[in-house]
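# A closer look at the structure
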Amino acid sequence: MESKNKREKFQSPLSEVSLKRIIKDVFFKPRVLVVDDEERIQKACQRLLSEEGCEVNVAQNGIQGLKMIEEKHYDIVLLDLMMPGMSGLDVLSDLKSRHPDTVVIIITGYATLEHSIKTMKKGAFDFLPKPFTPQELRVVIAKAIESIRTLQDITTEKSRMRVMINTLREGVLTTDHQKRVALANPACLKMFDCHKRSVIGSLVSDVIDESTVLGMIDRASAQPKEMFSEITEEVCVPMGKGRQDLVIGVRCIPFRDRLNRNLGIVTVFHDITALKKVDQLKSDFVSMVAHEIKSPLNSVLMQLNVVLDGLAGELTDKQQDILSRSSAKIKSLSQLASELLDLSKIESGLINQEREELNLEEMMKEHVKLYRSKADAKSIHLICKPSVKSTFIMGNKINMEEVLSNLISNAIRYTPNGGKIEVWADENCDCAMIHVADTGFGISPDALENIFERFYREKNEKTRYINGTGLGLAIVKSIVDSHHGTIQVDSVVDQGTHFTISLPRTVYKI
Amino acid sequence: MSEKKLILVVDDDPDLVEAVSMKVEAKGYRVAKAYDGVEAMDKIKEEKPAVVILDVMMPRKNGWEVCEEIKNNNELKSIAVVLLTAVADSVKTTSYTHHDGKTTLADDYVPKPIDLDELMEIVGDHCS
């Protein structure tokens, strides 16, 4: 029924099937062999198909046909069933067993259902009942060429993919639902020191003995339908004496079909040894500096407070005032040191973070609720605009919360009393977007270039008294970068600022 | 009036110990001072203070270790321990889980930079 529909669809709009155009689209000149004892049919096919751009040869009977096929490859064979000598069915079996790629179209005078089934089972592609019109022949040939082209596309795509995956420096391992290896690239085998020739089809536990990785694959496979998260861990692989141990960032991603059934797991291994080392040096340094700065600051603060308390003698109002100011300054310096430590911690965490499917709008609603009282205190109208449909991203929950809370709290601080802040999510075909727009002080064009720099804060007569360390947007930027996203800001002084974060919509389903 | 309660102030920064001590004395307590964990333990066993104001990050023996020794010693465990924690350690909690999974409980904590009035209120609670 379905194939009949297809055929009708195929015929009706193009009364003259432009076989020529289809042939022009494929990169080869289709070679067609007509095997038929009727001279009339031979001639007709040859003339028509040559005109359409095919290379056509003719065989009088089955034996001659098979011989010609042995000599050179034919893309399409038009095969008559009733011929003297060898029957069409025998020719078909023989041909298919040796040239499975060749498309065979059966020409027959009595196309019964029984016959059709028999030949289809033996691998025929289609039927052409005699007598046929030139148009019918064109349609059948066009269909055959489409099919050949599709097969070739798949093969090309497959080998292109294979080359790509094999040249990656990241290890890639694909397992099916029975946890058998479907693919393992050389980088993956090298990381786990596997010297087996062929691992395809083996149980993954026979190929890799790193229990953490096996556990991750188990956990990813066990995820229920309604859940979809990437599992991330760091694994240390000892490389034996004299060689440095590897630190590998492992990500396990379930691979599902349209009905959310697990087809298998894709595991990606990223060698982060060098990154971890540099990061360790950096965070050791930052935390050393921050602690060395923080402790003396705290101590100075204590001493100032003791004096302020009058424990070292009575103070004049003037002295009290000056000491209070210096105490406040030192307090904010100490706060800065704390935030610097936090930033360094967040950045280390970004190297290998766990991701899951997140509903942007839900997260936004929660944050708007969280900041409601702060906004109310300044009579700011803070709302989450509803989206047309739910927008999902793959992201790290804690990181994305950090992004939202930074943007919203910034908006509240830099919007004068009675202003308005709108938060919403939307998407286009490649990206999911987070918007935070306020009616605040705005950012001057000169400052716009610098707002994502660490410690940068715009100061003018309006914002001078707003507290902050200038690290919030730097943190936001680092997080967005680690999610392969971009952040954009549009701002008009005294009218407001609009932050847009675009995050790629990673599709893990087929 | 009963004898003044003894408060032990422990921090590796002598300036901080001095500042806190002045405040403690001004509130009418006696003060003992120590500058690292080992010294603190000696003073605790010797003088049996009512409250120990204890820094966490210290050389030789850190605050958690001192706290554990106090709480695991039947003679000492009634001594109140108030920890001074740096905010950057962001875990603002009085319990601490060791590598072996054991948990130590301090009686209270005050984040650094220290709010002296808050500290004295806590010390007062533990002395009454």
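The rules behind each value
- Residues numbered from 1 in each chain as written.
- Chains lettered and ligands numbered in written order.
- Predicted model: local features only at pLDDT ≥ 70, side-chain atom pairs only at ≥ 80, totals over all residues.
- Pairing = 2+ DSSP bridges.
- Helix = DSSP H or I, 4+ residues; strand = E, 2+ residues; numbered from the N terminus.
- Buried ≥ 20, exposed ≤ 12 C-beta atoms within 10 Å, placed from the backbone.
- Contact = placed C-beta atoms within 7 Å.
- Nonpolar A, V, L, I, M, F, W, Y, C, P; charged D, E, K, R; others polar.
- Axes fitted to C-alpha atoms, helices over the stretch in contact; angles between N-to-C directions.
- Expected span 1.5 Å × (residues − 1).
- Arc of directions from axis to C-beta.
- Core = buried A, V, L, I, M, F, W, Y, C linked by C-beta atoms within 7 Å.

As a further point, take the pairing of strand β7 (residues 181-184) of chain A. Residues and elements named next belong to chain A. As paired strands, strand β6 (residues 171-176) and β7 are joined by three bridges and run antiparallel to one another. In the sheet register, Thr-175 faces β7, and the bridge partner there is Val-181. Adjacent in sequence and paired antiparallel, β6 and β7 are bridged by four residues, among which Lys-179 carries a positive phi angle near 65°.

Before going further, it helps to examine unusual backbone geometry. Here the residue pair Lys-130 of chain A and Pro-131 of chain A is connected by a cis peptide bond, since its omega of -10° sits within 30 degrees of zero. Position of Pro-131 of chain A relative to the elements: it lies in the loop between β5 (126-129) and α7 (134-167). Its identity as a non-glycine residue notwithstanding, Lys-179 of chain A has a phi of 65°, on the positive side. Its place among the elements puts Lys-179 of chain A in the loop between β6 and β7. The class for Lys-179 of chain A is partly exposed, based on 16 C-beta atoms found within 10 Å. Even without a glycine there, the phi angle at Lys-48 of chain B is positive, about 45°. Within the secondary structure, Lys-48 of chain B sits in the loop between α2 (37-47) and β3 (51-55).

Contacts between the two partners involve 15 residues from chain B, matched on the other side by 16 residues from chain A. In the side of chain B that touches chain A, the residues fall into eleven nonpolar, no polar and four charged.

Further remarks concern the sheet that holds strand β12 (residues 381-384) of chain A. All names here are of chain A. An order of β12-β14-β15-β17-β16 is seen for the five strands of this open sheet, with the pairing classed as mixed. Looking along the sheet, the strands with just one partner apiece sit at the ends: β12 and β16 (486-492). The mean angle between the axes of side-by-side strands here comes to 10°, regardless of whether they run parallel or antiparallel. With seven bridges joining them, strand β15 (residues 431-438) and strand β17 (residues 496-504) adopt antiparallel strand pairing.

All names here are of chain A. Between the first and last C-alpha of helix α3 (residues 39-51) there are 18 Å, a value that for 13 residues agrees with the 18 Å anticipated at 1.5 Å per step. If you check which residues of α3 are buried, you get Ile-41, Cys-45 and Leu-49. Looking straight down α3, one finds its buried side chains confined to an arc of 35°; they lie on one side. Residues of α3 that are exposed and angled more than 90 degrees away from the buried face: Glu-39, Arg-40, Lys-43, Arg-47, Ser-50 and Glu-51. Those residues of α3 that are buried are in contact with β1 (31-35), β2 (55-59), β3 (76-80), β4 (103-108) and α7. Once α3 finishes, Gly-53 follows within two positions and takes phi at roughly 105°, a positive value.

Residues Leu-360, Val-403, Leu-407, Val-476 and Ile-501 of chain A are the most contacted members of the largest nonpolar core, which totals 38 residues. At the level of elements, α13 (360-377), β12, β13 (392-395), α14 (397-413), β14 (420-427), β15, α16 (472-482) and β17 of chain A are the ones that each hand at least two residues to this core. In this structure Leu-360 of chain A touches Thr-391, Ile-393, Ala-425, Ala-432 and Ile-434 of chain A, once residues within four positions along its chain are discounted. Judged by nonpolar contacts, the second largest core, of 36 residues, contains Leu-8, Val-52, Leu-119 and Val-123 of chain B.

With 34 residues, α7 of chain A should reach 50 Å at 1.5 Å per residue; the first-to-last C-alpha distance of 49 Å fits that figure. Within the sequence span of α7 of chain A, burial applies to Leu-137, Arg-138, Val-139, Val-140, Ile-141, Ala-142, Lys-143, Ala-144 and Ile-145 of chain A.

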